Amino acid sequence: MTFNKELHEYVNSIIDKKQVDVKGKDNVFYSRLMSNIDTIDHLYREIYGHGQFADEKYNELIVTLIEAHQKRENDLRDRDEEKIEKGNWFLSNEITGMSLYVDRFCENLKSLPEKLTYFENLGVNFLHLMPIFESPAGESDGGYAVSNFRKIDSRFGNIEDLISLRKRMQKKDMYLMIDIVLNHTSHHHEWAQKAKSGEKKYQDYYYMYDDRWIPNQYDDKMPDIFPESSPGNFTYIEDCNKWVMTVFHNYQWDLNYRNPDVFCEMLENILFYANIGVDILRIDAPAFIWKETGTTCQNLPQAHTLLRLIKQCVLVSAPGMALLGEAIVAPKDIMKYFGTGAFTAKECDVAYNATHMALQWDMLASGDTKVMLAAQHEILQKPYGTTWINYTRCHDDIGLGYDDYMIEQAGRNPYEHRKFLKDYYAGAIWNSPAKGALFSSNPKTGDARISGSLASLCGLEKALDEKNEYQVDLSIKKILLMQAHSFFLGGIPIIFYGDEVGYTNDYSYLNDEGKSYDNRWMHRPIIDWEKNKKITDPHSIESIIFNATKKLISIRKQHFLVGDHKNLTWLTPHNHQIAGYLRTYDDKKLYCLFNFSNQSAYLTWYAFKEHGSFKPKLYDYWKEKEYTIGLDNDYLIIEPYGFHLLEPRD
Ligand code: GLC
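Residues numbered from 1 in each chain as written. Predicted model: local features only at pLDDT ≥ 70, side-chain atom pairs only at ≥ 80, totals over all residues. Heavy atoms only, no water.

Caption draft 1: Highlighting the overall build of the protein. Counting secondary structure elements, the protein contains 22 helices and 25 strands. Taken over the C-alpha atoms alone, the protein extends approximately 75 × 55 × 50 Å along its principal axes. Taking all 650 residues of the protein together, the buried fraction comes to 62%. Within the structure as shown, the protein displays about 25200 Å² of accessible surface, and the carbon and sulfur contribution to it stands at 49%. (Helix = DSSP H or I, 4+ residues; strand = E, 2+ residues; numbered from the N terminus. Buried < 20%, exposed > 50% of the residue type's maximum accessible area, 1.4 Å probe, protein only. Areas by Shrake-Rupley, 256 points an atom, 1.4 Å probe, with all protein chains shown as cover.)

Below, the structure written as structure tokens:
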């Protein structure tokens, strides 16, 4: 960006008015602002241009940045400095997360601090609290329909409870993530209410139309996100006799980011969350924030410009807060959320490794790694300085959104292969051990996603129902295989709450009117602490899964090389049942090998001789056992659904 004297003078004039202590305590902030202002200006103008209205809002934006800094507490400013010093702190192998619904986990925010020892025991030091801001019961989409971005829903507690939790967590070196639901608000939000009552200013906060003329043009190319429960992308609002865009549920109104008022208001909310002390802000559904007729209204270039603008603003006022872009889209498109061109690694710092997550389920059902491997040249494009959330399950469904060509390269027919996977996990194949369900089946396109908990999809529920001990053991092996595979890939592993003790599906959502239309609730358990207490009974399933998960986390923490240093190599597929990757750093190596099939897998010892300097022995951190590397025509034998974490040794 070139130096723009006029712009700098303009900003300085605002700085003077806001009494920023440029030479004293605000000096570092001031230099951050001045060094980023040209980029902020450029990005802002790209979207909002130069009109009188746009200029006025631009002034407001700069004031917002200054005020957010002024409100930032000293402990958070210190934490910012520490993180800056560490550099890309979120790449670390020492962070392991858990995602949870506060009410379903422990009722409310006040009782969450009591559970911190539970997380410590497991090794989890990063919490993603599912949405806790006000959201109307019954029309909440699990909290993703927000009616007040500043008020915690009374079910969970209040803002003081959240801040006090954050402080307790911080003392224990734990990190906090919450969501900003950027794409839409609840129809109960004040803006939507005013729009309904006819206020033009707030109608412009949304995509609202008098008739179906423009909505029809949008609908022509926009896919249905929830085709079963909420088909179409517009909802008729009787109160004001208009159509409003509702891409997700009909109670979630899409915000109109063409309007700079919307951007500025949401930026204030983002910085408000930053000043609560959030370490990573999960930007919900960023792929959808810009709409254009004649397109699918996903992943549009303007959405990226807006995210870059947000990133720059956060860098100035709250540099310690990283951004996670929840873009669950095609592999090539996910990558773009890390930024491209001059903005490479300057957009979202973190994204969900949704492609790899789904591919793990592909491997588990098929016992074959070919499709997963065909996708890796895309996944490995991630720029240095950014990272993944690696996971096996989250609160959402599993979408098989990887490209057809990846399936074709593996020698399979994409339609048949996806059908097999859906049938397998929905339990529609007679001998499938999985118990899940199809989510959002679209009869027009034949698409469907998959719901079900980690344990149920791995066969534990069916095995328990059938009292089949052999299958119970096998399902536990699969659960651990899935977790281990994602823990060592590099990135932040996030465990979905309940999976650490093997919760199976919960069907109680069917009796709740506000949830029964959405089978994702089957894998969002209500924690029964009597069950979780069984982690102290060494023979219980809970204890076996918990302690194994704990061991995996602790192995991860011991090895700097499993952080995300762009240091992962996929091993030559000597055997397609085995997903094998090598992590290296300096002269250190860790071979991570996972047998995804129900047969023993044979791996030639040659696999350990292909990567430079050779050491004769391998120490397995998982099995706590040493192996001697044998002849090339001899093998390491990996049991069905078994895995090894092997370090070469002399
Ligand atoms: C995200 C959330 C999902 C929600 C949707 C709409 O994808 O993860 O649960 O339904 O956004 O807000």
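Caption draft 2: Focus on the site of the ligand. Lining the immediate environment of the ligand, one finds Asp141, Tyr144, His184, Phe226, Phe248, Gln252, Arg282, Asp284, Glu326, His395, Asp396 and Arg520. Here an oxygen atom of the ligand sits 2.8 Å away from a polar atom, N or O, in the side chain of His395. Here an oxygen atom of the ligand sits 3.2 Å away from a polar atom, N or O, in the side chain of Arg520. Starting from 310 Å² of accessible surface for the ligand in isolation, the protein chains cover 94%. (Near = heavy atom within 4 Å. Polar contact = N/O pair within 3.5 Å; in protein donor to acceptor, adjacent residues only side chain to side chain.)

Caption draft 3: Molecular detail of the domain arrangement of the protein. On domain assignment, one finds that the protein holds domain 1 (190-254), domain 2 (354-562) and domain 3 (568-649). In this structure, domain 1 and domain 2 have C-alpha centres spaced 34 Å apart. With 8 residues of domain 1 in contact, the opposing surface of domain 2 contributes 9 residues. Summed over both partners, the interface of domain 1 with domain 2 comes to about 650 Å²; 45% of that surface belongs to carbon and sulfur atoms. It is Phe226, Pro227 and Glu228 that lose the most area in domain 1 upon contact with domain 2, and together they represent 54% of the buried surface on that side. Connecting domain 1 to domain 2 are 0 salt bridges. (Domains from an automatic or database assignment. Contact = heavy atoms within 4.5 Å. Buried area = accessible area lost by both parts, 1.4 Å probe. Salt bridge = Lys/Arg side-chain N within 4 Å of Asp/Glu carboxyl O.)

Caption draft 4: Structural context of helix 17 (residues 414-425). Counted at 1.5 Å a residue, the expected span for helix 17 with its 12 residues is 16 Å, and the 17 Å between its end C-alpha atoms agrees. Of the positions making up helix 17, those classed as buried are Pro414, His417, Arg418, Leu421, Lys422, Tyr424 and Tyr425. Down the axis of helix 17, the smallest arc covering the buried residues is 165°, so these residues share one side. Directly after helix 17, the chain includes Gly427, whose backbone phi takes a positive value near 75°. (Expected span 1.5 Å × (residues − 1). Arc of directions from axis to C-beta.)

Caption draft 5: Representation of the environment of Ser486. Relative to the elements of secondary structure, Ser486 occurs in helix 20 (residues 469-487). Residues Ser486 and Gln19, 467 residues apart in the sequence, show an inter-C-alpha distance of 49 Å.

Caption draft 6: A look at the nonpolar core. Of all hydrophobic cores here, the largest spans 212 residues; its most connected members are Phe119, Leu129 and Tyr257. For Tyr257, the residues in contact, after removing those within four places along its chain, are Ile47, Tyr48, Leu182, Tyr207, Val262, Phe263, Met266, Ile289, Trp290 and Leu306. Of all hydrophobic cores here, the second largest spans 16 residues; its members include Leu571, Ile578, Ala601 and Phe608. (Core = buried A, V, L, I, M, F, W, Y, C linked by side-chain atoms within 4.5 Å.)

Caption draft 7: Region of the structure containing the sheet that holds strand 11 (residues 280-284). In space, the 8 strands of this closed barrel follow the order 1-2-5-11-12-13-14-17, with parallel pairing throughout. Adjacent strand axes in the sheet meet at a mean angle of 25° when their direction is disregarded. Pairing between strand 1 (residues 97-100) and strand 17 (residues 492-496): 3 bridges, direction parallel. By the bridge assignment, Met98 is partnered in strand 17 with Ile495. (Pairing = 2+ DSSP bridges. Axes fitted to C-alpha atoms, helices over the stretch in contact; angles between N-to-C directions.)

Caption draft 8: Local environment of a nonpolar patch on the surface. A contiguous nonpolar patch, built from Tyr602, Tyr635 and Ile637 and spanning about 310 Å² of accessible area, is present on the exposed surface. Along the chain, the position of Ile637 falls in strand 24 (residues 635-638). (Patch = residues over 30% accessible without salt bridge, like charges linked within 9 Å, V, L, I, M, F, W, Y side chains within 5 Å.)

Caption draft 9: Region of the structure containing the side chain of Lys311. Within the fold, Lys311 resides in helix 12 (residues 301-317). Setting aside its immediate chain neighbours within four residues, Lys311 contacts Met321, Leu323, Lys346, Glu347 and Asp349.

Caption draft 10: Looking closely at the packing of helix 14 (residues 354-366) against helix 15 (residues 370-379). Interhelical geometry of helix 14 versus helix 15 gives an angle of 170° and a closest axis separation of 10 Å. On the basis of the axis angle, helix 14 is roughly antiparallel to helix 15. Two secondary-structure elements touch here, helix 14 through Thr355, His356, Leu359, Asp362 and Met363 and helix 15 through Val371, Met372, Ala375, Gln376 and Ile379. When grouped by side-chain class, the residues that make up the contact of helix 14 with helix 15 number 6 nonpolar, 3 polar and 1 charged. (Parallel < 35°, antiparallel > 145°, perpendicular 65-115°, else oblique. Nonpolar A, V, L, I, M, F, W, Y, C, P; charged D, E, K, R; others polar.)

Caption draft 11: Examining a negative patch on the surface more closely. Residues Asp78, Glu81, Glu82, Glu85 and Asp173 make up a contiguous surface patch of negative charge. Looking at the element boundaries, Asp173 is found in the loop between helix 7 (159-171) and strand 5 (175-181). (Lys, Arg positive; Asp, Glu negative; His and termini not counted. Charge placed at Lys NZ, Arg CZ, Asp CG, Glu CD.)

Caption draft 12: Geometry of helix 4 (residues 74-86). With 13 residues, helix 4 should cover 18 Å at 1.5 Å per step; its first-to-last C-alpha distance of 18 Å lies within 8% of that length. All of the buried residues along helix 4 are Leu76, Arg77, Arg79, Asp80 and Lys83. Down the axis, helix 4 shows its buried residues gathered within 160° of arc, on one side only. For helix 4, the exposed residues lying more than 90 degrees away from the buried face are Asn74, Glu82 and Glu85. Contact partners of the buried residues in helix 4: helix 3 (52-71), helix 7, strand 5 and helix 11 (260-276). Looking one or two places after helix 4, you find Gly87, whose phi comes out positive at around 70°.

Caption draft 13: Molecular detail of the pattern of salt bridges. All told, the structure shown has 53 salt bridges when counted by the stated rule. With a shortest N-O distance of 2.6 Å, Lys18 and Glu67 are connected by a salt bridge. Residue Lys18 is located in the loop between helix 1 (5-17) and helix 2 (27-48), and its partner Glu67 is located in helix 3; the two are separated by 49 residues in the primary sequence. A relative accessible area of 29% means that Glu67 is categorised as partly exposed. Among the ionic pairs, Asp349 bridges to Lys311, the shortest N-O distance being 2.9 Å. Of this pair, Asp349 sits in the loop between helix 13 (331-335) and strand 13 (350-352) while Lys311 sits in helix 12; the two residues are 38 residues apart in sequence, bridging distant segments of the chain. The network of salt bridges with common partners includes Asp141, Asp396, Asp518, Arg520 and Arg524.

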